[in-house]
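Chain by chain, the residues run as shown.
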Amino acid sequence: MSVTLGVVMDPIERISFKKDTTLALLLAARRRGWALRYMELDDLYVRDGAARARTRELEVFDDPQHWHEFGETRDQDLGELDVILMRKDPPVDDAFTMATWILEMAEGQGALVLNPPHTLRDCNEKLFATRFPQCIPPLVVSRDPEKLREFQSEHGDVIMKPMDGMGGKSIFRVRPDDENLSVILETLTEEGTRTAMAQRYLPEIRDGDKRILMIDGEPLPYSLARIPGAGESRGNLAAGGRGEGRELTDRDRWICEQVGPALKARGLLFVGIDVIGDYLTEVNVTSPTCVRELDRAFDDDIGGRLMEAIAVRLDNRAG
């Protein structure tokens, strides 16, 4: 089966070869013999009611000094692509949202877009986790600083964070009698105009914030525990955390069983959930990461697993 896979991503020349999950996925697609077409957000547009893009032929290499080459450039209907991976990193801002609308048009023109564009808009990565109240820690989501303040007063030691952040940015740990609480609330809510989350602090973060990757609603049998550095309460690798591969616990598997059917029902093929201790904290649907780290830790080919799941979907559509 001849397949052309398009990818919408951040500039490929700026990625981290060692860590970049999108590169791992593209390498897996090439191992299957699939052709690659490359796009950035600026390349997407609509003309006469059709989703189109300036695409570039892409070749990728497992070489830290030379991991990509571009070939010919085409202006094309996005429906000509068999599958499109939306791998642009958050934030989910106006430009990101506009891209999802264009990619939704591409779906109507015949392309299989993953994850589905409407899910990238609908499933806020922090708020979506609250659909599973049996799995989450005590928390509150509000733009009202007083509601956040009341929650902190009740629980004492809390984490406060924006709803659209990534990579550990703008995450604050607030302890009892913290003199910075007012300025933290002002900063996060922008004087009550933006929504933020307050969550009870989980001391289990010292043992790692576990990233569990799920393909078509089923988890891989292991996680990457992202362990905070000295003096940190954030395990994010982008914030200096250290990654350690671990087998899933019984509780991890139970959480995956709670979340998996909802992912499958929404067509979310590739998702990363975050677990601290016994609690689900996020459901990452935009551009889940940690594939390279887990492949090294467990000698796996997660990209190959995902490409096989995509191939099954393409076959089902053709049938």
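See above for the structure.
Residues numbered from 1 in each chain as written. Predicted model: local features only at pLDDT ≥ 70, side-chain atom pairs only at ≥ 80, totals over all residues. Heavy atoms only, no water.

Bringing the overall build of the chain into the picture now. A count of helical and extended segments in the chain gives eight helices and 17 strands. Taken against the 2.2 N^0.38 rule, which gives 20 Å for 319 residues, the C-alpha radius of gyration of the chain at 20 Å falls within 12% of a compact globule. C-alpha atoms of the chain, sized along the principal axes, occupy 60 × 45 × 40 Å. Going through the 319 residues of the chain one by one, you find that 53% of them count as buried. In the chain, the share of contacts with a sequence separation of at least 24, taken over all contacts with a separation of at least 6, comes to 67%. Counting only carbon and sulfur atoms, one obtains 45% of the accessible surface of the chain, whose full area is about 14300 Å². Averaging the coordinates of the 42 positive side-chain charges in the chain and doing the same for the 57 negative ones gives two points 1 Å apart. (Helix = DSSP H or I, 4+ residues; strand = E, 2+ residues; numbered from the N terminus. Rg over C-alpha atoms; globule rule 2.2 N^0.38 Å. Buried < 20%, exposed > 50% of the residue type's maximum accessible area, 1.4 Å probe, protein only. Contact = heavy atoms within 4.5 Å. Areas by Shrake-Rupley, 256 points an atom, 1.4 Å probe, with all protein chains shown as cover. Lys, Arg positive; Asp, Glu negative; His and termini not counted. Charge placed at Lys NZ, Arg CZ, Asp CG, Glu CD.)

Glancing now at the side chain of lysine 210. Among the secondary structure elements, lysine 210 is positioned in strand β12 (residues 209-215). The exposure class assigned to lysine 210 is buried, which follows from its relative accessible area of 9%. Contact partners of lysine 210, with chain neighbours within four places excluded, come to Ser223, Leu224, Ala225, Arg226, Thr249, Asp252, Ile273, Asp274, Val275 and Gly277.

Relative to the assigned elements, glutamate 125 resides in the loop between α3 (117-122) and β8 (139-142). Taking the relative accessible area as the measure of exposure, glutamate 125 reaches 14% and is therefore buried. In contact with glutamate 125, not counting residues within four places along its chain, are Glu282, Val283, Asn284, Val285 and Thr286. Reaching out from glutamate 125, the side chain makes a polar contact with the backbone nitrogen of valine 285 at a distance of 2.8 Å. (Polar contact = N/O pair within 3.5 Å; in protein donor to acceptor, adjacent residues only side chain to side chain.)

Our focus in this paragraph is the side chain of lysine 126. Counting through the fold element by element, lysine 126 comes out in the loop between α3 and β8. Exposure remark for lysine 126: the relative accessible area of 5% places this residue in the buried category. Beyond its immediate chain neighbours, meaning those up to four positions away, lysine 126 contacts Lys161, Pro162, Met163, Gly165, Met197 and Glu282.

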